[in-house]
Amino acid sequence: MSLLIGDRLEALRSAVTTSHRSQFRRLHEQCEWSARQVLPEQHPSASITWLGAGAPNLALAHLLTGQPWYLTELRRWLRATCALPHWGKEHMPDTDLDAGWLCFGLALVENWVGHLLPAEEHSMLQAKLALQAERLHQYIEENRGAWWADAYWQNHNWICYSGLAAVGYALPGHPGSGDWTAAAAANARELRRRLPADGADGEGVVYWRYGVPWLAAHADLMLTAGDPEGHNAFKDFDFLRQTFWYRLHQAAPGFETIIDHGDCHDRRSGHSVALYYKLASEYGIGEAQWLANRVADQYFWREAYESGVRPGVMPEAYLEFLWFNETIEPVSPAALPTGRSFADLGLLATRTSWRDDANMVSVKASPGSGHGSWREGHILAASGKWQAASDGHSHPDMGAFVVIGGGEYLAIDEGYSSRKLSGHHNVVLVDGRGMRGEGSYSVWKNLPEVAAPVLHACAAGVAGTGALGLLIVDTAPCYPPELGVQTMLRTLLVGPGGELVIDDRLEASAPREWSWLLHSDVPATQETPQRWTVRKGFGSLTIDIFDAGTTTGTESVEVSANPTSSTPSLSITKTMQRLRSDAGPVKQARFTRILQPRTDPHGDMAAIRPDAGNGVFSLAGDSAGQPRLAGRPGAGRRSTWFFPPADDGASRSAGPLTLAAESAVAFEDESGGGLVAYGASHLEIHGRKVDLSAFSQGSGDAGRVLSLRWSADGEIGMAGE
């Protein structure tokens, strides 16, 4: 049976001129591109993954049409690739990404059209595949506990095992094939068990786009090869089932660009049309089909030419053809809730609507690839697999946030860096220093388990409440012990319009200098002693300062990175503009800021008022001057109330609410209101006491989060994401 095809070959041949016509056009054009390439006679210093990615396009085009020129061009690619004595040169030749990519691509060639090659060339291909697969397998056997062999949360693991499995299935008669497929299947079982069930990827969106297609590819290999475990490959893989929702909620408004937590080469390298098609087909996700079509129609070629990730999206044409299922109806995300939380990654992503001009906030608060991988990684470390949780693509950025308004990035993340520093993120420094492990590439390597942040709450509002959400995290354990940081409690309250209240409560065992950071693409300008504004294009972000005794100014920060060890000469650089507030030296400090993104850089801000005596902040204004919310009328007045942490825990009143809670954010307009609260013990809405026991609030610390909404006539409801 043909790998990735199964018993569909004749149906796919017919689909070339019917349901899959546009996908075949893409495939054919990619083959024409391949025919124009000058192939290397010797291994270049740069990566050669593109050779493995390109070959299956030519093979599939020939398999579908029988046109001989595809096969002729494929033979040229095979001769050049098989003549290279090693796959990979500058970093781990034969045992890392180059080998994984080429094993996978050429194994498909062998399975699909190998029998059509001249005998000598066919023998050459089979021998080369067997040699490279054995080298990969030998690396695994000799390096258990070291690097990708057991690094379950890393794209290198996913790619190399997929390549090994493909060769095993393509060479069923080889003495080593059973060992190769068995090793990959065993790793796949670990992935299904260990990767977070909510689908969030700690490596960030760019490496989601680069790595997650390999999880789908290996599952499809197992399924179409008739592997005994193939029937479980998709069905029992919760991460794959849910991961589209992570990707969707990490799309910037407009869907073309991304939120760049983690290592991200740029803001445009985030889409895989092929993977969207596959997730849509396997799990019936109409929104994935919709996004695939939108990217293919509007964004594909700009990403193809501007992306900093190689080999990029163009060689995925064969997967786009094979994974497209025309029976899946595209569904716009317009009716979906506009916020979602991913507890394992400590990720909160909320937006005002699914419109292109929406405001958006994204916050991340987890160690390494997530809280689960952190715990399990240390268990594995104790058993000798010390590198299982090693993740070079995560940053010392717990509690860092990104804000977008008016289609512009207003509070930004650094993207990619070789020397990862907390000072490149929107966090707090202590005596100019950041979190443990900073200054290196693999920040989390060898850190103790206690170095993780304590995530108290991470929740988005229910449907119809715009960008409403909150995240509460104590990052004190993340800082070097010698700094004596005892409390680093960050409370982020997101209003329905993407307004963001950040309350940082800080304490150390000795007086320290505390520095609050916010980065942007362009410098902030000072409007008043307590107000700064970032203006960029059609967007603006106003930062209002409500803490006393701090000094604030701006400075530039340079960031550089080599994003791939297989190409040492590759370098990317970035200049960020920093807004910095300093306090101290003192044992205790508090930073309280309100950030308001707007689409019109010259538009009026909603009025901010600290309610006297109770610590509640309120925003009020006509809806015409505030961001539009999905599913709510555009007329009338909207008021928002932010309840930062209170010292006494007593009830506080604001607008229609009387609330006893550790922290909360709520709003009301002419059609009703919404609330997200942490640690609520008492709630009244318009004088009516709410029986909190009637609302399920989950379990554990997350069970202390209450999210609800009410209508204009007083009806109260609650819904999950």
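Residues numbered from 1 in each chain as written. Predicted model: local features only at pLDDT ≥ 70, side-chain atom pairs only at ≥ 80, totals over all residues. Heavy atoms only, no water.

**Q** Help me out: how do you make sense of the overall build of the protein chain in this one?
**A** Summing up its helical and strand segments, the protein chain has 14 helices and 26 strands in all. Against the compact-globule benchmark of 27 Å for 721 residues, the protein chain has a radius of gyration of 26 Å, which places it among compact chains. Reported as C-alpha extents along the three principal axes, the dimensions of the protein chain are approximately 85 × 55 × 45 Å. Residues counted as buried form 64% of the 721 residues belonging to the protein chain. Across the protein chain, every contact between residues at least 6 apart in sequence was considered, and the portion connecting residues at least 24 apart equals 70%. Summed over all atoms, the accessible surface of the protein chain reaches about 24900 Å², with 50% contributed by carbon and sulfur. Positive and negative side-chain charges in the protein chain, numbering 61 and 82 respectively, have mean positions lying 1 Å apart. (Helix = DSSP H or I, 4+ residues; strand = E, 2+ residues; numbered from the N terminus. Rg over C-alpha atoms; globule rule 2.2 N^0.38 Å. Buried < 20%, exposed > 50% of the residue type's maximum accessible area, 1.4 Å probe, protein only. Contact = heavy atoms within 4.5 Å. Areas by Shrake-Rupley, 256 points an atom, 1.4 Å probe, with all protein chains shown as cover. Lys, Arg positive; Asp, Glu negative; His and termini not counted. Charge placed at Lys NZ, Arg CZ, Asp CG, Glu CD.)

**Q** For this particular structure, what's the right way to read the environment of Thr338?
**A** Following the sequence through the fold, Thr338 ends up in the loop between α13 (317–323) and β1 (339–342). Sequence-wise, Thr338 and Ser581 are 243 residues apart; in three dimensions their C-alpha atoms are separated by 32 Å. What Thr338 contacts, discounting residues up to four positions off in sequence, is His249, Ala349, Thr350, Arg351, Thr352, Ser353, Trp354, Gly466, Ala467 and Ala630. For Thr338, the side chain forms a polar contact with the main-chain oxygen of Gly466, separated by 2.7 Å. (Polar contact = N/O pair within 3.5 Å; in protein donor to acceptor, adjacent residues only side chain to side chain.)

**Q** How should the nonpolar core be read in this particular structure?
**A** One broad trend across soluble globular proteins is that nonpolar side chains are buried collectively. Within the largest apolar cluster, 137 residues are counted, with the highest numbers of intra-cluster contacts made by Leu60, Trp112, Tyr318 and Leu322. Of all the elements, helix α9 (residues 205–224) adds the most residues to this core, at 13 residues. Here Tyr318 is in contact with Leu4, Leu27, Ala53, Pro56, Asn57, Leu60, Phe104, Leu108 and Trp112, once residues within four sequence places are set aside. The next biggest cluster of nonpolar side chains, apart from the first, holds 51 residues, and it includes Ala400, Val403, Ala476 and Leu492. (Core = buried A, V, L, I, M, F, W, Y, C linked by side-chain atoms within 4.5 Å.)

**Q** Sorry if this is basic, but what is going on with the state of the cysteines here?
**A** By definition, a disulfide is the covalent link that joins the sulfur atoms of two cysteine residues. For the coordinates displayed, the defined rule picks out zero disulfides. With no disulfide partner, Cys160 has as its closest neighbouring cysteine sulfur the one in Cys103, 8.7 Å distant. Not part of a disulfide, Cys458 finds its nearest cysteine sulfur in Cys478, a span of 15 Å. The exposure class of Cys458 is buried, given its relative accessible area of 14%. (Disulfide = S-S within 2.5 Å.)

**Q** Sorry if this is basic, but what is going on with the packing of helix α2 (residues 21–35) against helix α3 (residues 49–65) here?
**A** To characterise two packed helices, one gives the angle between the axes of the helices and the distance between these axes. The interhelical angle for the contact between α2 and α3, taken along N-to-C directions, is 125°, at an axis separation of 9 Å. Regarding the angle of α2 to α3, the classification is oblique. Seen from above, α2 lies across α3 with left-handed handedness. Across from Phe24, Leu27, Gln30, Cys31 and Ser34 in α2, the residues of α3 making contact are Asn57, Leu58, Leu60, Ala61, Leu64 and Thr65. Classifying every residue of the contact of α2 with α3 gives seven nonpolar, four polar and no charged. (Axes fitted to C-alpha atoms, helices over the stretch in contact; angles between N-to-C directions. Parallel < 35°, antiparallel > 145°, perpendicular 65-115°, else oblique. Left-handed = near helix turned anticlockwise from the far one by under 90°. Nonpolar A, V, L, I, M, F, W, Y, C, P; charged D, E, K, R; others polar.)

**Q** What am I meant to see in unusual backbone geometry here?
**A** Leave glycine aside and you will find that most residues have negative phi; peptide bonds, for their part, are mostly trans. Geometrically, the link from Arg310 to Pro311 is a cis peptide bond, its omega value of 10° lying close to zero. If you trace the backbone, Pro311 turns up in the loop between α12 (286–306) and α13. The peptide bond linking Gly584 to Pro585 adopts the cis configuration, its omega dihedral lying at 10°. Along the polypeptide, Pro585 turns up in strand β15 (residues 572–598). If you check the backbone angles, Trp147 has positive phi at about 55° while not being a glycine. Relative to the assigned elements, Trp147 resides in the loop between α6 (119–142) and α7 (155–170). Among the residues examined, Trp147 registers a relative accessible area of 18% and is labelled buried. In the Ramachandran plot, Asn446 falls in the positive-phi region, its phi being about 70° despite a non-glycine side chain. Structurally, Asn446 can be placed in the loop between β6 (428–430) and β7 (454–460).

**Q** Would you take a moment to explain a negative patch on the surface for this structure?
**A** A grouping of Glu134, Glu141, Glu142 and Asp179 is seen on the molecular surface, where their side chains present a negatively charged patch. By the element assignment, Glu141 lies in helix α6. (Patch = residues over 30% accessible without salt bridge, like charges linked within 9 Å, V, L, I, M, F, W, Y side chains within 5 Å. Salt bridge = Lys/Arg side-chain N within 4 Å of Asp/Glu carboxyl O.)

**Q** Teacher, can you tell me more about the pairing of β15 here?
**A** Looking down a regular strand, the side chains alternate between one sheet face and the other. Pairing of strand β10 (residues 500–520) with β15 involves 16 bridges; the strand directions are antiparallel. Residue pairing for β15: His519 is matched across the bridge by Arg578. The sheet contact formed by strand β13 (residues 539–545) and β15 spans six bridges and is antiparallel. The residue bridging Asp544 from the neighbouring strand is Ile594, located in β15. Pairing geometry for strand β14 (residues 551–561) and β15, over 11 bridges, is antiparallel. The residue bridging Ala561 from the neighbouring strand is Ile572, located in β15. (Pairing = 2+ DSSP bridges.)

**Q** For this particular structure, what's the right way to read the side chain of Asp669?
**A** The topology assignment puts Asp669 in strand β21 (residues 663–669). Here Asp669 falls in the buried class, since its relative accessible area comes to 12%. Side chain to side chain, Asp669 and Ser671 meet in a polar contact 3.0 Å long. Look past the residues within four positions of Asp669 in its chain and what remains in contact with it is Arg632, Arg637 and Arg638.

Such coordinate-based values are descriptive only and should not be taken to indicate function.
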